Each structure stands twice: as structure tokens, then as C-alpha cells.
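# Structural characterization, general
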Amino acid sequence: MYYNSTRNNNISKTASQVITQGISEEGGLFVPNKLPEISEKDILGLINKNYVERAEYVLSLFLNDFDEVEIKYCAENAYTSEKFGCDEITPLAKLFDGTYMLELWHGPTCAFKDMALQILPYLLTTSAKKSVDNKKIVILVATSGDTGKAALEGFKDVEGTQIMVFYPENGVSSMQKRQMTTQEGENVSVCAVKGNFDDAQTGVKTIFTDNEVKNKLAQKDMMFSSANSINWGRLLPQIIYYVSCYCELLKTEQITMGEKINIVVPTGNFGNILAGYYAKKMGVPIGKLICASNQNNVLTDFIKTGKYNRVRDFYTTISPSMDILISSNLERLLYDLSGRNDEKIKEWFNSLNQNGSYEIDVDVKEKLQQEFFAGYCSDEDTKKTIKEVFDKVGYICDTHTAVAVKVYEDYKKETKDDTKTVIVSTASPYKFTDSVLKSLTDNIPQDDYEQVETLNNMTKLDVPVQLSELKEKQVRFNKVIDKKDMIKYVSDLLELDK
Ligand SMILES: *Cc1c(COP(=O)(O)O)cnc(C)c1O
């Protein structure tokens, strides 16, 4: 196995090269030249294995230039029961008969980004040893909330790395701010930027592409890398939980071997659901992939019409991690559905860049609609769903997951499809306590921790220690800087001018 770029089939690289490099020179995304297969026999062999062992199996199919010891090292360090608070790592809860919740939020930051960002640092440092002479890796992240914290937790105290996170001064929730400014670890720094997320993002991009900075870094035996969701090292770990979840359903005799299941995913950048598509193509018996969006329903329109159009209003919703108008990982799907047509991909994504839109060919659209169903859900319906599910079965879900539940209900009404279904649950309700509480009651305290206590009293769901212990933690980072000073901030921290 090797990796091509979605915009140039002639590029051919190893896993460690694509993980260190992140994105291809010409702007394409890295994809395996061929998806490995998982047979029924392989799945049977995984049923009685634990999450780490299943992870090792899936990773070994893709990481062509990693050896067994390295893969074991990565998986064992990432998915520990200490970090995830349970042995299953991704527990499966029964919502109704035939409907299950795959809970991906038991990690250190209480959101599903941990599934990839807990292992990425190990994949990256192992890759760097092979492909870039063991250079120290400096990670820069601009964040609107979830990714920054998950990256900090993943990279903290990982040897050979240093991480700096920039967030918009007034653009993250108070819990998210608290999570980041109290971050522990010797190799981490966090800094607020005056302005919005785009300002922080532009600042990071400017530093990434500054040749003077790059040269100075090289002299010090360091290099920049990014932890964003187009890196293959972030997508690959997401395939694991789809394989593992099928094994778990078999093990608990909820399904029989070969029985198809549908998957519903609350979607933003299209990374999570794409991993589900890859799992299906590899051989996991998956039926429909149901793509759930919030009011920013660019993907719903795209899947229904074949026209992608980002020129539209942007809404700030109560499921903020899905407030996205450009879903980067869609490029990988379209590359696959078009029969690995790099010329078409270039054409469509250049058009997206220049005109804000593109339209795919009819045959690709038909394939897309065979695999995917799409729907969206307003904030009002999200809140209603949280309350209804809680009243009906006593299960409390976060705002992102509720979007998926509602879209799944709509899907069932429209299609009468009663295939057993797994809804991917992407965040702990305590991560978005304010909105979750507002769905249940009109009586909301102001203070973060009083809100947490109220929700706990109402639902009896345990408060994750990761969140409750923040209350006592010291703020370590309180710097607020102008966008134009970000480059100096980075240079000073890395002592580039000494
Ligand atoms: C990032 C995120 C999503 C969206 O996932 P994508 O892979 O970007 O589609 C959904 N829910 C939560 C809680 C998230 O943090």
C-alpha cells in the first residue's frame, strides 16, 4: 500500500511521509491507493479482542512502513482506560430496540476529537523518526474550541513535540476557555488572539508559510506540522471505532454475522462519516450512511442535488462544532466515487475556491445518493429532541448528537427502513451544559458549575472528572495578543532569534 494525492495520481508516498507532511504540495489530500479488505473471518477474529487490539489490527492494514512494535506503542499509549475512564473506550448504549449510541466522548476532553488526537502525536513522532530525521515537531493550532483542547491533551508531554494553541479571545465558551487556559504539560502554550476565529486561523497560516521562520526552525532541527482534520493521521484512527462497534454488536448478540447496520453521524468537516464510508468499503456490513447537519446545511443540499454551494448565510448554532460551510474531507469521498479522477477533483475544488461552488457529474451523484442519506435540524428541533429522548428513555444527549437523532427519526419516517442503526454520539452533554439545560428547563443558573450541578441533579448522569476538576485548577495562560504579534510570540517561545 502507498498513498496518492486526490489532485495528482502520480504522487506516491509512504504512510509516515503523508502523516508528517499533512497536505500534498499541490493542495490535494492523501488517500490510500487501495482500501484493504476486512473479511467476515477477520471480524470474527476481532470479536473477543479489546479496543487496543482492534486498533492495532486496523492500523496495521494502513501503516505500511510502521512495524508491529511501533503500532503497538501508538495504540497502547493512546487508548488507555485511565484516559477514557472505561475499558471499552467507546461504549455502546442501547437507545431503543435496534437503535444504539456509539459514545465517542469518554476521552480527556469529552468530545470525539480525542479518538484521533490521542493517537496522532504518537503516529506523528513515529513518522518523523522515519521520514524527517527525528526533527522536533512544532504544532500550531488555531481553534474555535474543541480541537485546540483535544490537541493540547494529545500532545502534552509527548517527547519530541511542542504545541501552541491560539483561540479567539471572545469566540469560545467559558468552559472551553477554562479547559485551555488551565492546560498542564511542559511542552504546551495557549494564547488568546484579539479578533475572531478567522483572525487566529489566518495568523497561523501566515506563520506556517513564512520562509524566514521556516529556515530558522530548520537550523534548530525543528519543523512545523499541523493537527487539523485533513491529516491522514487523524482520519485513519476514526475507522477503528466503526470496525470495533460492529464487533461489539456481534459480541453482545444484538446482530448476526453479515447483518447490515445503518450509521448516523452528526457532521461538520465530513471526517467522521468518511471514516464510516471507508469501513463500509473495506467490508464492514454497513447499509446507509446518514449525514446529519445543523442549520448550516450545505451538505444536505449537496447530497440531495449534487451541487455544492458555500455562498450562503452562516449560522451560529447550539451545535457549534458543526458550524462549517466547507467540509474538507468531502474531497476524499468524491475522489473515490469518481473512480479516483484527479482531474475532476482539481476542476471541482478550483471552482469551489474561485466561485464558491461546484456541481458533480450525474453518475457520481447517483453513487453518492446510493451510499448516503442527508438531513438537517434546526436549533429548536435539536432542543426538542434532547427533551423528548430524555423524557422517553432517560438518555441525555448533547446538542450535536441530538441533531443526529432528529435526522434519523426523519429518515425512518421517510423511508420506513428499520435496519438496526448506530447513532454516533460525539460529545458529553456536560460539554454543552448551557444548551442542554435550556432544552430541559427554563430555570438556568448563570455560573458554569452551578449549571453542571443542575444538569447532574436532573439527569443523574455522572459528571466527567475531566470537567469537574477544572474548577480547582490554576489558570496558567492569560496572554491576549494582536494577530500581527503571533509570529513574534512563536519566535520568542521557540527562541528562534537566539
Ligand atoms: C468536530 C465535531 C463534529 C463534526 O465532526 P466532523 O468529522 O468534522 O464531521 C461533531 N460533533 C462534535 C462534538 C465535534 O467536536
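Everything here concerns the structure above.
Residues numbered from 1 in each chain as written. Predicted model: local features only at pLDDT ≥ 70, side-chain atom pairs only at ≥ 80, totals over all residues. Heavy atoms only, no water.

## Focus on the state of the cysteines
The final tally for this structure, using the stated rule, is zero disulfides. No disulfide involves Cys291; its nearest neighbouring cysteine sulfur is the one of Cys377, lying 13 Å away. We classify Cys291 as buried; its relative accessible area is 0%. There is no disulfide at Cys377, and the cysteine sulfur nearest it, in Cys397, is 10 Å away. (Disulfide = S-S within 2.5 Å. Buried < 20%, exposed > 50% of the residue type's maximum accessible area, 1.4 Å probe, protein only.)

## As for the site of the ligand
Among the 15 residues in the neighbourhood of the ligand, the closest are listed as Lys113, Gly268, Asn269, Asn272 and Thr426. One nitrogen or oxygen atom from the side chain of Lys113 is found 2.6 Å from an oxygen atom belonging to the ligand. Here an oxygen atom of the ligand and a backbone polar atom of Phe270 are 3.1 Å apart. Protein coverage of the free-state accessible area of the ligand, which is 390 Å², stands at 96%. Residue composition of the shell around the ligand, by class: five nonpolar, eight polar and two charged. (Near = heavy atom within 4 Å. Polar contact = N/O pair within 3.5 Å; in protein donor to acceptor, adjacent residues only side chain to side chain. Areas by Shrake-Rupley, 256 points an atom, 1.4 Å probe, with all protein chains shown as cover. Nonpolar A, V, L, I, M, F, W, Y, C, P; charged D, E, K, R; others polar.)

## Regarding the environment of Phe390
Here Phe390 shows up in helix α18 (residues 379-393). Judged by its relative accessible area of 18%, Phe390 is buried. Beyond its immediate sequence surroundings of up to four residues, Phe390 is in contact with Tyr395, Ile396, Leu440, Met458 and Thr459. (Helix = DSSP H or I, 4+ residues; strand = E, 2+ residues; numbered from the N terminus. Contact = heavy atoms within 4.5 Å.)

## Comments concerning the packing of helix α20 (residues 433-440) against helix α21 (residues 448-459)
Two packed helices can be described by the angle between their axes and the distance between those axes. For the pair α20 and α21, the least separation of the axes is 10 Å and the interaxial angle reads 45°. If you check the angle between α20 and α21, you find them oblique. The handedness of the crossing between α20 and α21 comes out as left-handed. Contacts between α20 and α21 pair Thr433, Asp434, Val436, Leu437 and Leu440 from the former with Gln451, Val452, Thr454, Leu455, Met458 and Thr459 from the latter. Per-class residue counts for the contact of α20 with α21 are six nonpolar, four polar and one charged. (Axes fitted to C-alpha atoms, helices over the stretch in contact; angles between N-to-C directions. Parallel < 35°, antiparallel > 145°, perpendicular 65-115°, else oblique. Left-handed = near helix turned anticlockwise from the far one by under 90°.)

## Description of the sheet that holds strand β2 (residues 8-13)
Ordered in space as β2-β1-β3, the three strands form an open sheet in which the pairing is antiparallel. Both edges of this open sheet fall to β2 and β3 (30-32), since each of them pairs with a single strand only. Across the sheet, the mean angle separating the axes of adjacent strands is 40° when strand polarity is ignored. In this structure, strand β1 (residues 3-5) lies alongside β2, joined through two bridges in antiparallel fashion. In the sheet register, Tyr3 faces β2, and the bridge partner there is Lys13. (Pairing = 2+ DSSP bridges.)

## Thoughts on helix α13 (residues 271-282)
Helix length check: α13 (twelve residues) gives 17 Å between terminal C-alpha atoms against 16 Å at 1.5 Å per residue, within 8%. Within α13, ten of the twelve residues are buried, leaving the element largely enclosed by the surrounding structure. When we look at burial in α13, the residues that qualify are Gly271, Asn272, Ile273, Leu274, Ala275, Gly276, Tyr277, Tyr278, Ala279 and Met282. Phi for Gly283, located one or two positions after α13, is positive at around 130°. (Expected span 1.5 Å × (residues − 1).)

## Looking at the pairing of strand β14 (residues 372-376)
Along β14, four of the five residues are buried, which leaves the element largely enclosed by surrounding structure. In this sheet, β14 lies alongside strand β11 (residues 286-293) in parallel orientation, the contact comprising five bridges. When the sheet's bridge partners are listed, Ala292 is paired in β14 with Gly375.

## Considering unusual backbone geometry
Not every positive phi belongs to a glycine, and Glu253 is a case in point at roughly 60°. Mapped onto the elements, Glu253 comes out in the loop between α12 (232-251) and β10 (261-266). Take Glu253: its relative accessible area is 70%, and that puts it in the exposed class. The phi dihedral of Glu495 is positive, around 50°, even though this residue is not glycine. Its location among the elements puts Glu495 in the segment after α23 (486-493). The class for Glu495 is partly exposed, based on a relative accessible area of 41%.

## Section: the packing of aromatic side chains
Throughout the structure, instances matching the rule amount to 19 aromatic pairs. Both rings, one in Tyr51 and one in Tyr79, keep their centres 5.2 Å apart while their planes meet at 80°; by these two values the pair is edge-to-face. Separated by 28 residues along the polypeptide, Tyr51 in helix α3 (residues 51-62) and Tyr79 in the loop between α4 (68-78) and α5 (81-84) bring together distant segments of the chain. Across this residue pair, the class does not change: Tyr51 and Tyr79 are buried. Summarising the aromatic geometry, the rings of Tyr277 and Tyr278 are spaced 6.2 Å apart at their centres and angled 45° between planes, so their arrangement reads as tilted. (Phe/Tyr/Trp six-rings, centres within 6.5 Å; stacked < 30°, edge-to-face > 60°.)

## Looking at the environment of Asp210
Examined against the element boundaries, Asp210 turns out to sit in the loop between α10 (197-208) and α11 (211-219). With relative accessibility at 22%, the residue Asp210 sits in the partly exposed group. In terms of polar contacts, Asp210 uses its side chain to reach the backbone amide nitrogen of Glu212, at 3.0 Å.

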